[in-house]
Amino acid sequence: MRKLFSLLFVFLLVFPVTACGQSKGEESGTAVDAEIILVTDATESAQETKTVSDAADSGTETGEETNVKAEFDFETKTVMLNSGYEMPINGLGTYSLHGDECINSVKSALSNGVCLIDTASAYGNEEEIGQAVREAIDEGIIQREDIFVTTKIYPGSEMENPEQSIQACLDRLDIGYVDLMLLHHPDSSDVEAYKVMEQFVEEGKIRSIGLSNWYVEELTEFLPQVDTVPALVQNEIHPYYQENDVIPFIQELGIVVQGWYPLGGRGHTGELLGDPVISEIAGAHGVSPAQVILRWNLQKGVVVIPGSSNPDHIRENTELYHFSLTEEEMARIGSLDRGEKHDWY
Ligand SMILES: NC(=O)c1ccc[n+]([C@@H]2O[C@H](COP(=O)([O-])OP(=O)(O)OC[C@H]3O[C@@H](n4cnc5c(N)ncnc54)[C@H](OP(=O)(O)O)[C@@H]3O)[C@@H](O)[C@H]2O)c1
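Asks: Which residues make up the packing of helix α3 (residues 99-111) against helix α4 (residues 126-138), and what values go with them?
Replies: One can describe the packing of α3 onto α4 by two numbers: an axis separation of 9 Å at closest approach and a directional angle of 40°. The angle between α3 and α4 falls in the class oblique. As for how α3 packs across α4, the hand of that crossing is right-handed. The segment α3 lies against α4, with Gly99, Cys102, Ile103, Val106, Lys107 and Leu110 engaging Glu128, Ile129, Gln131, Ala132, Val133, Glu135 and Ala136. Split by residue class, the contact of α3 with α4 holds eight nonpolar, two polar and three charged.

In structure tokens form, the structure reads like this:
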């Protein structure tokens, strides 16, 4: 069914390529024949989408198909979002981290060169994340522009009152601007909440916006209702739940895919990290099973945000660039897919 939906819609995306440092990109554009066509061009103020007629009016239609999949740069360890901002491709997840453990984990990550920090209003730790970021800046560990913080607003009362809930995230984090804000789940108020996030982008309080737990059908319904193509979609992805139909669908829209529960999530890591196929591949490369899984994600073009409060694990989870998996190894891990979700959404 999902594949059927994917065939019904073709989206055209064009986005800029710029240098490092979360700088904004220059405009580029084109168009393609399709039932529904979106053309994205990053401007100085925000991501924008246009219909094909807009594109023709502005002279950007060329008739060539130019869907652009964002490529990972394994040298800079970053990817360019369609918003024109650069994002690290490995980060730290902070679900279930609180208090000093959270602050220390984030500072440990920042000290080890992990500049992407994932949080959410629902995690109840935005204040600790903000404190850790401010302390790291004050201590000269890193500069604000080199840190990329993602947060999310939750369905229900938060999405029904998006101005207040988005501002509350900004206030709790207290780090000037938020690099990326996501809608945590689909909700009856999601389109309106997304439009308010777009306003915050225009005001410079949020740099990029995206979605979490949106799959093919949800995206197909959602995208025509909004003006800004999401910069990123964050979904559950690990070797036992690979979403091999969803990932290319999202990537071909020029949207970056990020995986949550990359190590299977708490309560499942033992089985996944002990999987004989993954252990054998890890042994062949002299790396850990966690590193194999994270590298497998990166080679599929999936950004990883493993959660950890262990400084050794946090460091280990950054060491993903001195080895690569062969096509055969990628295929062997691909064969482990069980369609086994480790959470309800
Ligand atoms: N958008 C959503 O709906 C959603 C849902 C769930 C999660 N998320 C995000 O995704 C992030 C990742 O998910 P998660 O943290 O729940 O699960 P996870 O990353 O799959 O697994 C975390 C577990 O793995 C262990 N671990 C980490 N690195 C390891 C290593 N190198 N070797 C051995 N064990 C290791 C951690 O233990 P130690 O602490 O001992 O290292 C922790 O118990 C979350 O933190 C959150 O930011 C988003």
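After that view, the rundown keeps rolling.
Asks: Outline the sheet that holds strand β8 (residues 148-153), supporting the account with residue identities and numerical values.
Replies: Taking strand neighbours across the sheet as the criterion, the eight strands line up as β6-β7-β8-β9-β10-β11-β12-β13 in an open arrangement whose pairing is parallel. The open sheet has two free edges, formed respectively by β6 (91-93) and β13 (302-304), since each of these has just one partner strand. Each strand axis lies, on average, 30° off the axis of its neighbour in the sheet, ignoring direction. The sheet contact formed by strand β9 (residues 178-183) and strand β10 (residues 206-212) spans five bridges and is parallel. Bridging across to β10, Leu180 finds its partner in Ser208.

Asks: Which residues make up unusual backbone geometry, and what values go with them?
Replies: The residue Ser96 is not glycine, and still its phi comes out positive at about 80°. Its place among the elements puts Ser96 in the loop between β6 and α3. In this structure, Glu243 takes a positive phi of about 50° despite not being glycine. Mapping Glu243 onto the fold places it in the loop between β11 (232-236) and α9 (246-251).

Asks: Please give an account of the confidence of the model for the chain that cites residues and values.
Replies: Mean pLDDT over the chain works out to 85, with 81% of the residues at or above the 70 mark. The model gives residues 1-23 a pLDDT under 50, and that stretch makes 72 contacts with residues more than four places away or in other chains. The low-confidence segment residues 25-66, where pLDDT is below 50, has 102 contacts with residues more than four positions distant or belonging to other chains.

What counts and what doesn't
- Residues numbered from 1 in each chain as written.
- Predicted model: local features only at pLDDT ≥ 70, side-chain atom pairs only at ≥ 80, totals over all residues.
- Axes fitted to C-alpha atoms, helices over the stretch in contact; angles between N-to-C directions.
- Helix = DSSP H or I, 4+ residues; strand = E, 2+ residues; numbered from the N terminus.
- Parallel < 35°, antiparallel > 145°, perpendicular 65-115°, else oblique.
- Left-handed = near helix turned anticlockwise from the far one by under 90°.
- Contact = placed C-beta atoms within 7 Å.
- Nonpolar A, V, L, I, M, F, W, Y, C, P; charged D, E, K, R; others polar.
- Pairing = 2+ DSSP bridges.
- pLDDT = per-residue confidence, 0-100.

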